[in-house]
Amino acid sequence: MPVQPEPDETGLGGGTDGVHVAGSAWAAGPPACYLPVTVGGNLTLIREGGVLATVDALCVYPVGFVFYLSVSLDPAYQAGQVRRVTGFRVRTPEETQTAMRVCVGFSDGQVLDSAADMTAVVTPGMPVLMYSGGVSALSGTPALRSESRWWVSPLPPAGPVQFTVLLPGSPESAGAASIDAARITSAAERSEVLWPEVGAG
C-alpha cells in the first residue's frame, strides 16, 4: 500500500520514524536503526536584500540524508514592506504562489520540489523530499526566521546536488548552491548500524 506521510504539529506531511524495507536503498524518513554521519553544509543560497538562506548541515544515512535549512528576513520587512511569505505549507491554490519552496536537484536532471512532495502519497522507492520537522513558517521577534529539516531519499547519483530556495514576496526571491554528491555518499558508507533492521536476516 502507498505510505501516507503522518501529520505533525505543523500540519505538514512528514515524521521522523521513517518507513524502510530492510535491504532497500530507500526510506520514507530517517531510519532509526542507523547512526548518521554529519556533513558540514555551510551553503549560502541567498545573502542579499535583507534575506539570508543557508543549508547548514547534512545528516547522512545509507538510504538518504537530512538537511537543515535556515531562512531569515531583515526585521524591517515585518512592517509590511513585502508581501507576506506564508511558509512551506501549501493548502490552497493561492498558497502555491505565495508559499516558500525548497528544491533539490540531481545531476541526472531529477528535481524534487517541496510544493509537490508535500501533498503527494509516497510509494516505496519513489524519490522523496519530505518535511521532517523544525519551524516551517517565518516567525519570531525581532527577526523573521525559519529553521526546518528535510529528508531526501534515495542517495544522489554522482555529480552536483543543488539546493534551491524560492521565497515569493521577499526582497530576494530565489537562490541556489551545490555540494558534490561524493561527500554525501562517502558519509553514507561510514554510517553505523545501531541494531538489526526490521526484517533483516
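For the structure given in this document, a descriptive report is provided here.

## Points about the side chain of Asp113
Along the chain, Asp113 falls in strand 6 (residues 111–113). On the basis of relative accessible area, Asp113 is assigned to the buried category, the value being 16%. At a separation of 2.4 Å, a polar atom in the side chain of Asp113 contacts the side chain of Arg101. Only 2.9 Å separates the side chain of Asp113 from the backbone nitrogen of Ala115, close enough to count as a polar contact. Excluding its chain neighbours within four sequence positions, the residues that come into contact with Asp113 are Arg101, Val102, Cys103 and Leu129.

## A short note on the packing of aromatic side chains
Enumeration over the complete set of coordinates arrives at 5 aromatic pairs. Aromatic pair Tyr61 and Trp151: ring centres 5.6 Å apart, planes at 80°, arrangement edge-to-face. Linking Tyr61 in strand 3 (residues 51–61) with Trp151 in strand 8 (residues 144–153), this pair joins segments that are 90 residues apart in sequence. Relative to Phe163, the ring of Phe65 lies with its centre 6.4 Å away and its plane at 80°, an arrangement referred to as edge-to-face. Here Phe163 lies in strand 9 (residues 160–166) and Phe65 lies in strand 4 (residues 64–73), a separation of 98 residues in the sequence. With a relative accessible area of 0%, Phe65 lands in the buried category.

## Focus: the sheet that holds strand 5 (residues 101–105)
Across the sheet, which stays open at both edges, the 4 strands sit in the order 6-5-9-10 with antiparallel pairing between neighbours. Either end of the sheet is taken by a strand with one partner, and the two such strands are strand 6 and strand 10 (174–180). Direction aside, the axes of adjacent strands within the sheet are offset by 15° on average. Relative to strand 9, strand 5 is paired through 5 bridges, and the arrangement is antiparallel.

Calculation criteria
Residues numbered from 1 in each chain as written. Predicted model: local features only at pLDDT ≥ 70, side-chain atom pairs only at ≥ 80, totals over all residues. Heavy atoms only, no water. Helix = DSSP H or I, 4+ residues; strand = E, 2+ residues; numbered from the N terminus. Buried < 20%, exposed > 50% of the residue type's maximum accessible area, 1.4 Å probe, protein only. Polar contact = N/O pair within 3.5 Å; in protein donor to acceptor, adjacent residues only side chain to side chain. Contact = heavy atoms within 4.5 Å. Phe/Tyr/Trp six-rings, centres within 6.5 Å; stacked < 30°, edge-to-face > 60°. Pairing = 2+ DSSP bridges. Axes fitted to C-alpha atoms, helices over the stretch in contact; angles between N-to-C directions.

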